[in-house]
There are 2 protein chains.
Amino acid sequence: MISRLKQILLFSLAALAGNTCMSQDIKEDFKPSVLNQPGQPYPQVNSQGYARFRILAPRADSVRVSLGLGGKGGTLLTKGEDGFFTGTTAGQMDEGFHYYHVTIDGGVFNDPGTLNFYGSVRWESGIEIPAHDQDFYALKDVPHGNVVQVLFPSKSTNTSRRAFVYTPPGYSKDANKRYPVLYLQHGWGEDETAWSNQGHANLIMDNLIADAKIKPFIIVMTYGITNEVRFGHMREFKIDTFQTVLTEELIPYIDAHFRTLANRENRAMAGLSMGGMETHTITLNRPEVFSQYALLSGGLYTPEELKDKTKPKLIFISCGSRENPDRVKQATDALKQAGYNVVSFVSENTAHEFLTWRRSLYQLAPLLFQN
Amino acid sequence: MISRLKQILLFSLAALAGNTCMSQDIKEDFKPSVLNQPGQPYPQVNSQGYARFRILAPRADSVRVSLGLGGKGGTLLTKGEDGFFTGTTAGQMDEGFHYYHVTIDGGVFNDPGTLNFYGSVRWESGIEIPAHDQDFYALKDVPHGNVVQVLFPSKSTNTSRRAFVYTPPGYSKDANKRYPVLYLQHGWGEDETAWSNQGHANLIMDNLIADAKIKPFIIVMTYGITNEVRFGHMREFKIDTFQTVLTEELIPYIDAHFRTLANRENRAMAGLSMGGMETHTITLNRPEVFSQYALLSGGLYTPEELKDKTKPKLIFISCGSRENPDRVKQATDALKQAGYNVVSFVSENTAHEFLTWRRSLYQLAPLLFQN
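Residues numbered from 1 in each chain as written. Chains lettered and ligands numbered in written order. Predicted model: local features only at pLDDT ≥ 70, side-chain atom pairs only at ≥ 80, totals over all residues. Heavy atoms only, no water.

Quick look at the overall build of chain A now. Tallying secondary structure elements over chain A gives eight helices and 22 strands in all. Its C-alpha radius of gyration of 21 Å places chain A within 12% of the 21 Å reference for a compact globule of 371 residues. Taking the principal axes of the C-alpha coordinates as reference, chain A spans close to 65 × 45 × 40 Å. In chain A, 67% of the contacts between residues at least 6 apart in sequence involve partners at least 24 apart. Each charge class in chain A can be summarised by its mean position, and for the 37 positive and 38 negative side chains these summaries are 4 Å apart. (Helix = DSSP H or I, 4+ residues; strand = E, 2+ residues; numbered from the N terminus. Rg over C-alpha atoms; globule rule 2.2 N^0.38 Å. Contact = heavy atoms within 4.5 Å. Lys, Arg positive; Asp, Glu negative; His and termini not counted. Charge placed at Lys NZ, Arg CZ, Asp CG, Glu CD.)

Below, the structure is given as structure tokens:
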């Protein structure tokens, strides 16, 4: 578990460092990023995927943004006479969501222009490069489901824990209707807010339901690290404690407080990156709890691991084309040959980042709970 | 409306500037603020209400925190050889929640140690000075209600708008039970997240319900500025557009999607600061919609305004002792003499800040919906 997790983390950092490509002729059609704070004009993004930053720090000597050319430490901004530091990434960014921060005279802060998102074990700045397929996670004039914050009691960790529960549109209408449930985990350094804030999981579901592409289901998102882990000491992470919280405390709570179909057939687990590793381990430990498994940039299953266990109804494995898609394809082939129902998905021109996972959820959702 | 709002804003700034008092002998029992980001040791607070800051910026010349002695521009931190700027407020802070920011070489940023809260029309750093009565808004081992994010359609503003809905513990248990509703507004520069994040409205309710001090009700919180208002141009704020969203769009949506008692008797409106001004105006415009009104540091009612209108069942007026409590007391007396059911509350040793409003909600909730 730990060594695979390290691989993923290292790969993730490598992917982040390289997610720009050089180009010429920057078009001057920059617009504020959709993730800016209300009324904030910067950062901006142009139609080619360049990002431009503008930060006021009149008496600072050096302002650097962590996006752009990772190998060279990001984008160094240039100070103007008006006290604003400005600069444009040297290359085009991948489409989709990116975390970043700003280094002011050696200290790490956030860009005051943007909303913050929990990643890298801190609330970071976020920027959105409009994707050519962004329509599937756009806020549209369709019926919207809710995102419900619940505080559930956890005896094993001696506290109240938080989860977010997506309930589909119509949930409040028919008091007798029950729904399947997907348990959906975030990645390392993120928390239970990630799939809604960065992932737009609720909007992806609303749009799929409005288009009648899926049968409505509930999604539950909670924090995947439940023991004390010091920063930089991932070896201290214990999946056992999370497995207990998830299967012994959260699932019973959800089944008692929401109108779920409370059985294995109607329960799936998925996760991105570290959340995929958690999904892998927990579904193999407790195959009687979940019937459908999905790993998004987060490991693979082998036929050897699965044999002699209750057979999953579906395995879904995905990654970005800039990750290691061949490994996903090979694993999928091996599982298919062994008789498993496997679907793989590769997100084109994305790396270990949220557009990969938004697209993965969009591909996964129609496959789930097809009895 | 606008001139009163300006008064409140100016008063608010004056209160913020003066919310410390001098003292001697600082006790060295500093602990991390409960609002710090996970694992962050600073800022810290001691048992006397001093706050201490520590911010890394090795090559910066000047780091200043906006808390402390407002008249002198906050607390100037001192640079150490390790590259950290540190400093302690010159005086004790009021108990409760405070917004702040950090000025690094002339640029305004957030303290990377803290969580952020939407106030002053931006996501700001937040710090919590433990209050002697903090138990009433603490996270306890009691049944917890949910905070539900809803996206409701708004034809008048041509978009989907967000609201948060507190549903009490037990809401999911009895599909036939219906609840009264309090519409609760934030202040200027804040948004629909304020009453949950800064105000702990959900925890206040959970604790009151666990102690059987109130009959459970629903709280609805939405954004109170619904037309385009440029920064610094509060004259552009139009309450009419918000009144339309609230009474013609949000209330019908809530009544259709939650199990409410959908009548005037079981509907109240309250707000803090600017939200109090909104409550004042909208309840006077639409007395047939709400039967109970509450202004928290947000204006007063006069008997003249209320006469010839459907009589409110309850008026609640509150403020902090460092605001202008005499005006609240005088208005309360005048309303009582005119035959209204009025309750006033003054929060001891607080100003125009969230502890005043947490306490006000705690006082208000048991008075509501007492048929």
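After that view, the rundown keeps rolling.
Right, let's get into the packing of helix α4 (residues 239-257) of chain B against helix α5 (residues 274-285) of chain B. Residues and elements named next belong to chain B. α5 packs onto α4 with a crossing angle of 70° between their chain directions and a minimal axis gap of 11 Å. Here α4 is positioned roughly perpendicular relative to α5, judged by the angle of their axes. Crossing of α4 against α5: the hand is right-handed. For the pair formed by α4 and α5, the contact residues are I239, F242, Q243, L246 and T247 on the first element and M277, E278, T281, I282 and N285 on the second. (Axes fitted to C-alpha atoms, helices over the stretch in contact; angles between N-to-C directions. Parallel < 35°, antiparallel > 145°, perpendicular 65-115°, else oblique. Left-handed = near helix turned anticlockwise from the far one by under 90°.)

Reports often express the size of an interface as the amount of accessible area lost when the parts come together. All names here are of chain A. Taken domain by domain, chain A consists of domain 1 (2-130) and domain 2 (136-367). Relative to domain 2, the C-alpha centre of domain 1 lies at a distance of 29 Å. Counting from both sides, the interface comprises 24 residues of domain 1 and, opposite them, 33 residues of domain 2. Across the domain 1/domain 2 interface, buried area totals approximately 2300 Å², and carbon plus sulfur atoms make up 61% of it. Across the contact surface, domain 1 and domain 2 share three salt bridges. Close ionic contact of E95 with R359 constitutes a salt bridge, the shortest N to O distance being 3.4 Å. Linking domain 1 with domain 2 are nine residue pairs in polar contact (both at pLDDT 80 or more). Top contributing element to the side of domain 1 that touches domain 2 by residue count: helix α1 (residues 2-17), with nine residues. Each residue belonging to the side of domain 1 that touches domain 2 can be placed in one class, and the counts come to twelve nonpolar, six polar and six charged. (Domains from an automatic or database assignment. Buried area = accessible area lost by both parts, 1.4 Å probe. Salt bridge = Lys/Arg side-chain N within 4 Å of Asp/Glu carboxyl O. Polar contact = N/O pair within 3.5 Å; in protein donor to acceptor, adjacent residues only side chain to side chain. Nonpolar A, V, L, I, M, F, W, Y, C, P; charged D, E, K, R; others polar.)

All names here are of chain A. All chains considered together, the criterion is met by 26 salt bridges over all chains. Ionic pairing is found between D135 and K140, a salt bridge with its closest N-O pair at 2.8 Å. Take K140: its relative accessible area is 25%, and that puts it in the partly exposed class. The salt bridge partner of E265 is K313, with a shortest N-O separation of 3.5 Å. With E265 in the loop between α4 (239-257) and β19 (267-272) and K313 in the loop between α6 (303-306) and β21 (314-320), the pair connects residues that are 48 residues apart, well separated along the chain. Where salt bridges share partners, they join E95, D133 and R359 into one cluster. (Buried < 20%, exposed > 50% of the residue type's maximum accessible area, 1.4 Å probe, protein only.)

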